[in-house]
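Residue-level listing of the chains:
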Amino acid sequence: MTMYEYSCLPVVFGLTLAPFFLGIINRTKAKVAGRQGQPLLQAYFDLWKLLHKGAVYSRTTTGIFILGPVVGLAAIVAVLGLTPFAGCPPLFSFIGDLILFAGLLGVMRFATMIAALDTGSSFEGMGASREAWFSSLAEPVLWLSFAVLARLTGQFSLGAIQSEIGSALWAASAPELALTALSLFAVFLAENARIPVDDPNTHLELTMIHEVMVLDHSGPDFAFIQYAAALKHWVLASLLAGVIAPVHTGHAWIDITAALLTMAGIAVATGLVESVMARLRLTRVPQLLVGAGALGVMAFIVDIMR
Amino acid sequence: MNEVADLMVVLMAMTNLILLGTARLTLGVRLVGAQGALAGAYMFAANAEHPTVHVLALSALIIVAKGLVFPKVLLRTLEKAEARHEMEPYVPYSASILLGMVMLASSVWVSSRLPIAGLTIPPSAVPISIWTMFTGLFLVVARRAALTQVFGYLVLENGIYVFGAAIAGEMPFLVEMGALLDVFVAVFVMGVAVFHISREFEHMDTDRLSVLRD
């Protein structure tokens, strides 16, 4: 395996390109709405600006509030180390690392929620409660997708799963992979607080989920949160990219170009979803996630039937 | 062409899933139409290696009748009845989807016990056609609006049709035509009935019909 030389590439790509991913989503939304839109690199500018500001802490908050963004960022960077990208193996890989993957995402969520509760604000408490509710529905969907992929490939680590998915597997079991890709896309949208579940642009505390939990963070803390959110987009999108466009030509640079184009495609698709759909009513969100879970179950059962 | 037939069946399964989870009646009509067309396309794809005039004519007829004519009739009824959404169903939508998964699992179990192992049919055709029948029956029982019950009836019929096509291959032309004619008349009559219910009572909830007195 000559590809092991490139195992630091997923991390490098993730750390550098994740904010650009958000830029593509925003540019797509702007184009569809007929606006010019913010610069593609706006997310980087925002991070730079925030890092040069001071942070303001409310007197009600404790150390948990300060720890929240740091723990969140650390967890998602660790997840990035577990994520394969473009056929390159991840930085760390072992049998069962998909459990750690989902667990670290849970740690990140927990850090954000407990920091939100620490502010003592009722709005942030509402946001944390919704986040807990929706993510407890989204996580089983992620698990089901992992279960289907593990069953299809016979592998139990993310890197091995991704290298097993290829045109041969697509030819043999296209319906299962397509259903899994759909439910992974739903997880991607729900976990990243994108539109059918949450509106990233909303400014009404009553309706938002992710944005309301981070209202009290400022300066570098907020930069950490924004960057961690961008990395979360990147990580879940690269899982999806590994399923929908597994290009393994053996030439590293061709594979990487294909994977980067797929990521851009996912960003455009997210932007299009945000442009054509309205946010679902809060009570309808579980239905979407249950539906995504049902797709996972169906993929599993279709595979059992063969 | 077993892969294509397999794909048709999996797409039918997707329509079942959305039908279980949606409250929108126009979407429901379109999905039921799409499912009927898929059933016709399945008939064609499963026999594509030795296409006979019989198969060609039948699948074309089914695609036209179930995919185009029925949705047209139902959409027209819907337009006249001025209804957009199903009101509260007896079984909520999330629960319907979960129950749908239970029904899918049990139809896989049932089909694994059917003695049809020797036939060369797409592996997913039998379980998913049984699931389609279950879904149809469930929609008839669990929904209030008269139109959604018509969906249930049509989904049930699609399931029976694909099941028959999967295990029996070719049925006599007359039998198939008879079944199609029955369904056609049924949709027509139900369309008219739904229209009259909604015009008389300004709604089309069938459960409220039971309190009628003369």
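As a starting point, this report considers the structure included with it. Note that the coordinates shown come from a computational prediction; the quantities given were computed from them, not determined experimentally. (Residues numbered from 1 in each chain as written. Chains lettered and ligands numbered in written order. Predicted model: local features only at pLDDT ≥ 70, side-chain atom pairs only at ≥ 80, totals over all residues. Heavy atoms only, no water.)

### With respect to the overall build of chain A
Looking only at helices and strands, one finds 12 helices and zero strands in chain A. Along chain A, from the amino end to the carboxyl end, the secondary structure elements read α-α-α-α-α-α-α-α-α-α-α-α. By the compact-globule yardstick of 19 Å for 306 residues, chain A fits well, its C-alpha radius of gyration being 19 Å. With the principal axes as the frame, chain A shows a C-alpha extent of 60 × 45 × 40 Å. Relative to its 306 residues, chain A shows a buried fraction of 54%. The contacts of chain A with a sequence gap of at least 6 include a subset with a gap of at least 24, amounting to 80%. Accessible surface for chain A amounts to roughly 12800 Å². Of this, 68% is attributable to carbon and sulfur atoms. Across chain A, 16 positive and 19 negative side-chain charges occur, with their mean positions spaced 9 Å apart. (Helix = DSSP H or I, 4+ residues; strand = E, 2+ residues; numbered from the N terminus. Rg over C-alpha atoms; globule rule 2.2 N^0.38 Å. Buried < 20%, exposed > 50% of the residue type's maximum accessible area, 1.4 Å probe, protein only. Contact = heavy atoms within 4.5 Å. Areas by Shrake-Rupley, 256 points an atom, 1.4 Å probe, with all protein chains shown as cover. Lys, Arg positive; Asp, Glu negative; His and termini not counted. Charge placed at Lys NZ, Arg CZ, Asp CG, Glu CD.)

### Structural notes on the environment of A:Val302
Mapped onto the elements of the fold, A:Val302 is located in helix α12 (residues 285-305). Along the chain, A:Val302 and A:Val247 lie 55 residues apart, while their C-alpha atoms are 25 Å from each other.

### Some points on the interface of chain A and chain B
Tallying the contact residues gives 14 residues for chain A and 19 residues for chain B. Each partner contributes to the roughly 1400 Å² buried at the junction of chain A and chain B, and carbon and sulfur atoms together form 84% of this total. When the buried area of chain A at its contact with chain B is split by residue, A:Gln287, A:Met298 and A:Met305 rank highest and sum to 41% of it. Applying the counting criterion to the chain A and chain B interface returns zero salt bridges. For the interface between chain A and chain B, the tally reads one residue pair in polar contact (both at pLDDT 80 or more). Put simply, the parts of the chain that give the side of chain A that touches chain B at least two residues each are α8 (174-191) and α12 of chain A. Here the side of chain A that touches chain B gets 10 residues from one element, more than from any other, and that element is α12(A). Residues that form the side of chain A that touches chain B fall into these classes: 11 nonpolar, two polar and one charged. (Buried area = accessible area lost by both parts, 1.4 Å probe. Salt bridge = Lys/Arg side-chain N within 4 Å of Asp/Glu carboxyl O. Polar contact = N/O pair within 3.5 Å; in protein donor to acceptor, adjacent residues only side chain to side chain. Nonpolar A, V, L, I, M, F, W, Y, C, P; charged D, E, K, R; others polar.)

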